[in-house]
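Descriptive analysis of the structure
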Amino acid sequence: MIRTVEYRIKALRNGAYLSEMRWDSAQAPSISCRASGALKTSFSATLLPARAGEPEINWLRDELQPCIIIDGVETPLGIFRPTDTSAQRKSYVTSTAVTAYDRGWVVQTTKTETLLHLSAGDGYIDVIKRLLLTCGLTLVLADASSAVLPADREDWQIGTSYLTIINQLLGEIGFNPLWFDADGLAHLQKYAAPSAAAIKRSYSARHGLTLRPVAPGYTETTDVYNAPNVFVCICDNADRSAVLTATAENKSFGAKSILQRGMRIVQTEKVTQIADQTSLQAYADKLRDQSLMGTRELTFTVPAEAGHGVGDIISIEHPDVGGIYEETGWSYNLAAGALMTIKAKRTVIL
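Residues numbered from 1 in each chain as written. Predicted model: local features only at pLDDT ≥ 70, side-chain atom pairs only at ≥ 80, totals over all residues. Heavy atoms only, no water.

Describing the sheet that holds strand β15 (residues 230-235)
Heads up, the condition is: Paired strands, in this sense, are two strands between which DSSP finds at least two bridges. Helix and strand definitions follow DSSP, with helices as H or I runs of at least four residues and strands as E runs of at least two, each counted in order from the N terminus. Angles shown run from 0 to 180 degrees and are taken between the N-to-C directions of axes, each axis being a line fitted to C-alpha atoms and, for helices, limited to the stretch in contact.
Spatially, the three strands line up as an open sheet ordered β16-β15-β17, and their pairing is mixed. Of all the strands in the sheet, the pair left with one neighbour each is β16 (244-249) and β17 (266-270). Averaged over all adjacent pairs, the angle separating strand axes in this sheet is 15°, with direction ignored. Note that β15 and β17 share five bridges and pair parallel. Within β17, the residue paired with I234 across the bridge is K270.

Points about the sheet that holds strand β11 (residues 186-188)
Strand pairing in a sheet takes place through backbone hydrogen bonds and is either antiparallel or parallel in direction. Threshold: Only heavy atoms enter the contact rule, under which two residues are in contact if any of them lie within 4.5 Å.
An order of β9-β11-β10 is seen for the three strands of this open sheet, with the pairing classed as mixed. Each of the sheet's edge strands pairs with one partner strand only, and the pair in question is β9 (140-142) and β10 (179-180). Pairing of β10 with β11 involves two bridges; the strand directions are antiparallel. Note on β11: the bridge partner recorded for W179 is H187. Contacts from helix α2 (residues 124-134) reach β9 and β11 within the one sheet, and its direction differs from that of β9 by about 165°.

Here we look at the layout of surface pockets
Rules: Site definitions follow a grid-based scheme: protein atoms alone, a 1 Å grid, a 1.4 Å probe that fits but cannot get out for cavities, and for pockets an open set with protein on both sides within 12 Å along at least five of seven lines, plus lining residues having an atom within 4 Å of a point. Grid points are joined across faces, edges and corners, and a volume is the space filled by probe spheres set on the points. All amino acids are sorted into three groups, where Ala, Val, Leu, Ile, Met, Phe, Trp, Tyr, Cys and Pro are nonpolar, Asp, Glu, Lys and Arg are charged, and the leftover types, Gly among them, are polar.
Its boundaries defined by the atoms lining it, the largest pocket holds a volume of some 820 Å³. Along its surface, the largest pocket is lined by 35 residues, and A35, V310, G311, E326 and E327 are the ones closest to its centre. Those elements that place two or more of their residues in the lining of the largest pocket are β3 (30-34), α5 (277-293), β20 (323-333) and β21 (339-346). Per element, the largest residue contribution to the lining of the largest pocket is six residues, and it comes from β20. Split by residue class, the lining of the largest pocket holds 14 nonpolar, eleven polar and ten charged.

Quick notes on α2
To keep it simple, the criterion reads: Using a 1.4 Å probe on the protein chains alone, a residue whose accessible area is under 20% of its type maximum counts as buried, one over 50% counts as exposed, and one in between counts as partly exposed. Taken from the helix axis, the directions to the C-beta atoms give the arc we talk about.
Those residues of α2 that sit buried are Y124, I125, V127, I128, L131 and L132. End-on view of α2: buried residues confined to an arc of 160°, all on one side of the axis. Every exposed residue of α2 that faces more than 90 degrees away from the buried side is listed here: L133 and T134. Buried residues belonging to α2 abut α1 (104-109), β9, α3 (162-172) and β11.

With respect to empty space enclosed by the protein
Under the defined criterion, the tally for this structure stands at three cavities of 30 Å³ or more. For the largest cavity, the calculated volume is near 120 Å³. Residue lining of the largest cavity: 18 residues in total, with T41, L77, A182, H308 and W330 positioned closest to the centre. Contributions of two or more residues to the lining of the largest cavity are made by β10 and β20. Partitioned by chemical class, the residues of the lining of the largest cavity number eleven nonpolar, five polar and two charged.

In structure tokens form, the structure reads like this:
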């Protein structure tokens, strides 16, 4: 069966449809995601002016929502706030080159104007939701957490980005950094080590009902020597009556483990703030888990598709590089026949 793929870009005002944007087919818009970035997803395009009688986009306030249409089914690819625009004149037509980022840009550019005070006993998730509300963001999908602030906080200088504050608070309770999905929802997501239970999609070199084809060609890099196998985390500050410590050890059978190396290679990390002992242990465990998968990376291409978030867990069926992977980034052009490039790191024990 031959599938049809089309793209459209909507202009949104206050979250509602305003108009449809146009572009020259020779200058295809592009989307990319980098899981390690402060702002996870970005969008760039050179867009044509609105047709006569259609509303003009306000580049300072409105948003862009690219969509992919596969076999007639439309799926959003993100909601982006323009941050840089420049006019380009060609053949008597003035187009606009646009660089845009997900709604994390709003959180990053909103900064404290007075000394921010957080009270002991406030729930971490409640505090973060209040900060997002200050940024004008109400659509939040949050994992449950009972963690509360152990003491009053006034840690941040005036002018500190809300994104910096929110990501610090998320880290203190063992959550991933803030990210926004294709519908513009903010995600407050608890960290979990990649596993088969978390796989969102699978890829294979052969066609199938559930497995999408991997296009020919891939690249892989491997380094199994330059990582510690013991992680010691320490939280010591004046707000606590005792020092908190947590240790996570690589006891696997992989090449980096204590068993295989025959020695303990220790990484010590001081943590200024943490919710409690459980959160500190989760932080240490996360450092260990990341060390197990951070040195084997894979880049491959697939037919363009929707549904990718940040750090999705995928499986790859391949005789040489098959296994469970965590996506570290993806990108593609909004052009017919364009392939999607995916970068991932393998979750095997090394």
